[in-house]
Amino acid sequence: MERRTIGATALAVGAVGLGCMPMNWAYSASRQRGDESLRAVHRALDLGSSLLDTADMYGPFTNELLLGRVLKERRSEAFVSTKVGLLVGEQHIVANGRPGYVRRACDASLRRLQTDVIDLYQLHRADPEIPVEETWGAMAELVRAGKVRALGLCAVGARSARRPGARLHDATIRQLERVQQVFPVSAVEAELSVWSPEALRTLLPWCASRGVGFLAAMPLGNGYLTGTLTPGQGFEPDDLRARHPRFTAEMMAANQPIVAALRRIAARHGDGVTAAQVALAWVLAQGRHVVPVPGTKQERWVTQNAGAAGLRLAERDLAELRVLPPAQGSWE
């Protein structure tokens, strides 16, 4: 698989990564099976999808424990990205950016992952009660201690409070500017897909101009852009899509033209090319510093996603995707 680099330290990863969250968190609990997920991780490494993206809150903790079972055998083949800064309660999630907590959380992640170093340690969310510089300083200490190789920041969510008239990623860029004064940012993780292209306006150019890698989260639109979901099919209560405004039956039907365009382009590229691969190829085409991180828990989808690394979209394809109608249904 093609290799791409993250950050000024030129950390090399496969062009398509693996988002591990669905294996233990946020999607269809009844279909989460440990052995199946382990096979998916092994398959990703076999294919060169070396970036494994997780977080201590996924589960919580069980996602890192699952990856640890693979890393115990294949650490040298993997690029491990995990996150800190969010705590999961019974009915809520809260941020914790206190330096002491960050240090303890890192040690706990290292134990669960069965490794002595984390390749990319990301701040999941800034704690509103702690200056982000203090949290970032504690994370920088972990780099100096040899427990972490590089630092990253996850973008502020779409539903976070914003100043009137502000663009989606303005708050994230303000955070980035602040933490860059403390220690270099190697990567930013934010949503980017055919139906959520907002990062192209300001966040992606910010990263490109500073040599910062970009990890594209949800590049398949939470599964919608694969074309395998049926409008009105329903989701389990614990599935995040059960509450997402784009996954009502009405909005799923309204956004079918986006999937239809992906299928048309796939057909032009020959038998076996899928809508999902076109969606990932579009993300890959946005810059050499961009690495899509599609989430899955199934080996067959890992194989399909990895195949997108070899798909090159023509200008005709990209032009067709540029003029798609905007997706309907929003958190805003």
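Structure: see above.
Residues numbered from 1 in each chain as written. Predicted model: local features only at pLDDT ≥ 70, side-chain atom pairs only at ≥ 80, totals over all residues. Heavy atoms only, no water.

(A) Up close: the overall build of the protein chain. From N to C terminus, the protein chain includes 11 helices and 12 strands. Its C-alpha radius of gyration of 19 Å places the protein chain within 12% of the 20 Å reference for a compact globule of 332 residues. The principal-axis extent of the C-alpha atoms belonging to the protein chain is close to 50 × 50 × 40 Å. Residues counted as buried form 55% of the 332 residues belonging to the protein chain. Pairs at least 24 apart in sequence give 76% of the contacts found in the protein chain among residues at least 6 apart. The protein chain carries 40 positive and 33 negative side-chain charges, and their two centres are separated by 2 Å. (Helix = DSSP H or I, 4+ residues; strand = E, 2+ residues; numbered from the N terminus. Rg over C-alpha atoms; globule rule 2.2 N^0.38 Å. Buried < 20%, exposed > 50% of the residue type's maximum accessible area, 1.4 Å probe, protein only. Contact = heavy atoms within 4.5 Å. Lys, Arg positive; Asp, Glu negative; His and termini not counted. Charge placed at Lys NZ, Arg CZ, Asp CG, Glu CD.)

(B) Up close: the pairing of strand β12 (residues 290-293). Burial of β12 is two-sided: the residues V290 and P292 facing one way and the residues V291 and V293 facing the other way are all buried. Across 4 bridges, strand β11 (residues 213-217) lies against β12 in parallel orientation. Its bridge partner lying in β12, F214 is registered against V290. (Pairing = 2+ DSSP bridges.)

(C) Looking closely at the pattern of salt bridges. Considering all chains together, one arrives at 20 salt bridges under this definition. A salt bridge links R312 to E2, with the shortest nitrogen-to-oxygen separation between them at 3.5 Å. Of this pair, R312 sits in the loop between α10 (299-307) and α11 (315-322) while E2 sits in the segment before β1 (3-6), and the two are 310 residues apart along the sequence. Here R74 makes a salt bridge to D46, at a shortest N to O gap of 2.8 Å. Note that R74 is positioned in helix α2 (residues 62-74) and D46 in helix α1 (residues 34-47), a separation of 28 residues in sequence. Put simply, E2, R4, R288 and R312 are held in one network by salt bridges that share partners. (Salt bridge = Lys/Arg side-chain N within 4 Å of Asp/Glu carboxyl O.)

(D) Summary view of unusual backbone geometry. In this model, G59 is joined to P60 through a cis peptide bond whose omega is -5 degrees. As for its position among the elements, P60 is in the loop between β4 (51-53) and α2. You will see that F61, though not glycine, has its phi angle at about 75 degrees, which is positive. As for its placement among the helices and strands, F61 is situated in the loop between β4 and α2.

(E) Here's a closer look at the side chain of S37. For S37, the location among the structural elements is in helix α1. In this structure S37 comes out as buried when scored by relative accessible area, which is 0%. If near-sequence neighbours (up to four positions away) are discounted, S37 is found in contact with M23, L66 and K297.

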